[in-house]
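Secondary and tertiary structure notes
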Amino acid sequence: MLTDKLCQVAAEAYGTPVYLFDLDRLQQQVELIRQQLPQARLCFAVKANPFLLPVLSRWLDRFELCSPGEWSITQQLKLPQDKLVISGVYKSEADLTAIFDQPGDCLPEISLESGEQLALLNQLARRRQRKVSVLLRLSSGNQFGLDEADLRDILARRQACPYLRITGLQFYSGTQKHSRKIIAEVARLEQLCRSLEHDYDLPPLALEYGPGLAVRYFSDSSRSADTAEPAAPDDLDKSDLVQLQVLREALTQAGCRRQLTLEMGRFLAAACGSYLTQIVDLKTTRADHYCIVDGGIHHLAYYGQMLGMKLPPVRLIKAVPGAADARPPAPADWTVCGALCTVNDVLLRCLRLTRPARGDWLCFDRCGAYSVTEGLSLFLSRNLPAVASYSTANGWQCLRPATAIWPLNQPQAPV
Ligand SMILES: Cc1ncc(COP(=O)(O)O)c(C=O)c1O
């Protein structure tokens, strides 16, 4: 976790609000997963946090992309095509054409989610006489992927698509999953792969699986007014090892020896991120204490956090030791609100703070996954926060300066 001192240096260098990513912590997480699941290839779901790609491209095996924008980011960063897997319920002809027409020998692997996608890809590959590897995405009961019957139908007719090389299955059924669900899924996927190999005389199928491992964000699930202390990030980390052990055991029990790729976003990225926002006002209105910060709910996304009812890991960093603007001087419970013009902009309720002052910072930890990508960025035309990373080897590096949003919300036509 970034120390208070490091956060203070970053706030002064980049301004607030700001996203801070601790690359040493990220590396630790990658190493933990590698140690527990050495047989698996690791794939990062880029949607969780594209800013981590410069380092993750060196540490991981694969990158799952779900939009043309994500693909463009990987092209700018010169990620090798054969490290990419393209998912997505909608892949347009123009987007797939751009991928096919990229110079170089390799193509990314592409997941097929419908008969329509199969026909389009087959046509593009045949026209160029280029073979492309595909994964058949198995649906988990929503708009993504194919059901088993359609998947079997494609396998039965695969000779008609000689430019498509079916390498395996892709499956992702959601995030923050319970171990019980993961155990059942692993057993079912292994069984299905075996049955398909048998029925269609296939070589061993690869399995690209998003286990949706859970990240703990909150000290308890049913927060009451007297639990105003946030949990320490180290305590929240404790479930990580257990989940990896459960997954390893599930794979062993299922007898899974095929090529396995684990697609992960949250579990890889959450723990390395912090969001720093400055206290800009403190007031007591009708006996309630309000702490106003320069960020807000448009920048922070904790899974399951509704209207500030739960307490993620957060700490007060003093700008001037001992300084206090606020009454009451004793510890009190504060409602932390952002700068947006809506009563919904409540980051936390009942946060116990001792003598906060304007100019101090609140640092929200464990927000390295999805906060930077899921925010309501355009609402109220406020700036996008800067993004910076830290590692012991390279110190602070700016990955994006604070960026004005208002030009995007400005009408282009003359009045
Ligand atoms: C296909 C796919 N794989 C992997 C992930 C990553 O999920 P998580 O962040 O729960 O690890 C997602 C997230 O939406 C996804 O859509």
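Analysis parameters
For every chain, the first residue of its written sequence is number 1, and the numbers climb from 1 along that sequence. Selection of residues for local features in this predicted model requires a pLDDT of at least 70, selection of side-chain atom pairs for listing and counting requires 80 or more, and totals for whole chains, interfaces and linings are taken over all residues. As a rule here, side-chain values cover all heavy atoms of the structure and leave hydrogens and water aside. Secondary structure elements follow DSSP: runs of H or I no shorter than four residues count as helices, runs of E no shorter than two count as strands, and numbering proceeds from the N terminus. Note that the radius of gyration is over C-alpha atoms, with the globule rule given as 2.2 Å times the number of residues to the power 0.38. Think of it in three bands: residues with accessible area under 20% of the maximum for their type are buried, residues over 50% are exposed, and the middle band is partly exposed, with areas taken using a 1.4 Å probe on protein chains only. Exposure above 30% relative accessible area and the lack of any salt bridge qualify a residue for a patch; like charges then connect within 9 Å, and the nonpolar side chains Val, Leu, Ile, Met, Phe, Trp and Tyr within 5 Å. The Shrake-Rupley method, run with a 1.4 Å probe, gives the accessible areas here. Residue values count only the displayed protein chains as cover. Any Lys or Arg side-chain nitrogen located within 4 Å of an Asp or Glu carboxyl oxygen qualifies as a salt bridge. At least two DSSP bridges between two strands are needed for those strands to be called paired. Between the N-to-C directions of two axes lies an angle of 0 to 180 degrees, each axis being a line fitted to C-alpha atoms and, for a helix, fitted only over the stretch in contact. In this description, the arc belongs to the directions extending from the helix axis to the C-beta atoms. Contacts are residue-level and defined by heavy atoms, with any inter-residue pair within 4.5 Å sufficient. Ring pairs are drawn from Phe, Tyr and Trp, using the six-membered ring of Trp, whenever the two centres fall within 6.5 Å, and their geometry is named by plane angle: stacked under 30 degrees, edge-to-face over 60, tilted for the rest. Of the two site types, the cavity is a set of points on a 1 Å grid over the protein atoms alone where a 1.4 Å probe fits but cannot get out, and the pocket is an open set with protein on both sides within 12 Å along at least five of seven lines, each lined by residues with an atom within 4 Å of a point. Grid points are joined across faces, edges and corners, and a volume is the space filled by probe spheres set on the points. Gly is put with the polar residues, along with every residue not named as nonpolar or charged; the nonpolar set is Ala, Val, Leu, Ile, Met, Phe, Trp, Tyr, Cys and Pro, and the charged set is Asp, Glu, Lys and Arg. Domain start and stop points were drawn from an automatic or database domain assignment. Buried area adds together the accessible area that both of two parts lose upon being put together, with accessible area traced by a 1.4 Å probe. Counted as a polar contact is a pair of N or O atoms within 3.5 Å, where, for protein atoms, one must be capable of donating a hydrogen and the other of accepting one, and residues adjacent in sequence contribute only when both atoms are in side chains.

Concerning the overall build of the protein chain
Tallying secondary structure elements over the protein chain gives 11 helices and 17 strands in all. Against the 2.2 N^0.38 benchmark of 22 Å for 415 residues, the protein chain shows a C-alpha radius of gyration of 24 Å, consistent with a compact globule. With the principal axes as the frame, the protein chain shows a C-alpha extent of 75 × 60 × 40 Å. Per-residue burial over the protein chain gives 52% buried out of 415 residues.

A word on a nonpolar patch on the surface
A cluster of nonpolar residues, M306, L307 and M309, forms a patch on the protein surface that exposes about 330 Å² of accessible area. With respect to the secondary-structure elements, M309 resides in the loop between strand 11 (288–293) and strand 12 (314–317).

Observations regarding the sheet that holds strand 7 (residues 164–172)
Spatially, 8 strands are ordered 2-3-4-5-6-7-8-9 in a closed barrel, and the strand pairing comes out parallel. For this sheet the average axis-to-axis angle between neighbouring strands, irrespective of direction, equals 30 degrees. Pairing of strand 4 (residues 84–86) with strand 5 (residues 109–112) involves 2 bridges; the strand directions are parallel. Looking at strand 5, one finds that V85 is bridged to E109.

Focus on helix 7 (residues 148–156)
Within helix 7, the full set of buried residues consists of L151, R152, I154 and L155. Buried residues in helix 7, looked at end-on, bunch into an arc of 160 degrees, giving them a common side. For helix 7, the exposed residues lying more than 90 degrees away from the buried face are A149 and A156. Buried residues along helix 7 sit in contact with helix 6 (115–128), strand 6 (132–137), strand 7 and helix 8 (179–200).

So, the pattern of salt bridges
Under the defined criterion, the tally for this structure stands at 21 salt bridges. Among the ionic pairs, E64 bridges to K47, the shortest N-O distance being 3.0 Å. One end of the pair, E64, is in strand 3 (residues 62–65); the other, K47, is in the loop between strand 2 (41–45) and helix 3 (53–59), with 17 residues separating them in the sequence. In this structure E64 comes out as buried when scored by relative accessible area, which is 3%. Its relative accessible area of 31% is what places K47 among the partly exposed residues. Where salt bridges share partners, they join E190, R194, E197 and R258 into one cluster.

Side note on the packing of aromatic side chains
Using the criterion set out here, one finds 9 aromatic pairs in the structure. Centroid distance Y19 to Y275: 5.4 Å. Interplanar angle 45 degrees. Geometry classified as tilted. A residue pair is termed long-range when its members are at least 10 positions apart, and Y19 in strand 1 (residues 18–22) and Y275 in strand 10 (residues 273–285) qualify at 256 residues. What makes Y275 buried here is its relative accessible area of 0%. Between Y390 and W396 the ring centres are 5.2 Å apart and the planes differ by 55 degrees, which places this aromatic pair in the tilted class. Like W396, Y390 is buried. One aromatic cluster is present, built from ring pairs that chain together Y19, F21, Y275 and F364.

Some remarks on empty space enclosed by the protein
By the definition in use, this model includes 2 cavities of 30 Å³ or more. Estimates place the volume of the largest cavity at around 40 Å³. Around the largest cavity sit L118, I154, R157, R158, A160 and C161, which together line it. Class assignment of the residues belonging to the lining of the largest cavity gives a composition of 4 nonpolar, no polar and 2 charged. Put simply, the second largest cavity is a space of about 30 Å³. Lining the second largest cavity, in full, are Q29, V215, D240, F267, A270, A271 and R366. Considered class by class, the residues forming the lining of the second largest cavity number 4 nonpolar, 1 polar and 2 charged.

Description of the domain arrangement of the protein chain
For the protein chain, the assigned domains are domain 1 (23–269) and domain 2 (272–396). Distance from the C-alpha centre of domain 1 to the C-alpha centre of domain 2: 33 Å. Of the roughly 2700 Å² buried where domain 1 meets domain 2, counting both sides, 59% is carbon and sulfur surface. Note that R366 and D237 form a salt bridge whose closest N and O atoms lie 2.5 Å from each other. Between domain 1 and domain 2 we count 8 residue pairs in polar contact (both at pLDDT 80 or more) in total. In terms of residue class, the side of domain 1 that touches domain 2 is made up of 16 nonpolar, 7 polar and 9 charged.

Brief notes about the environment of E208
For E208, the location among the structural elements is in strand 8 (residues 206–210). Of the residues examined, E208 reaches a relative accessible area of 1% and is grouped as buried. E208 sits 168 residues away from A40 along the chain, and the two C-alpha atoms are 9.8 Å apart. The contacts of E208, once residues within four sequence positions are left out, are C43, R62, V85, L135, L169, Q170, F171, T261 and E263. Only 2.7 Å separates the side chain of E208 from the side chain of R62, close enough to count as a polar contact.

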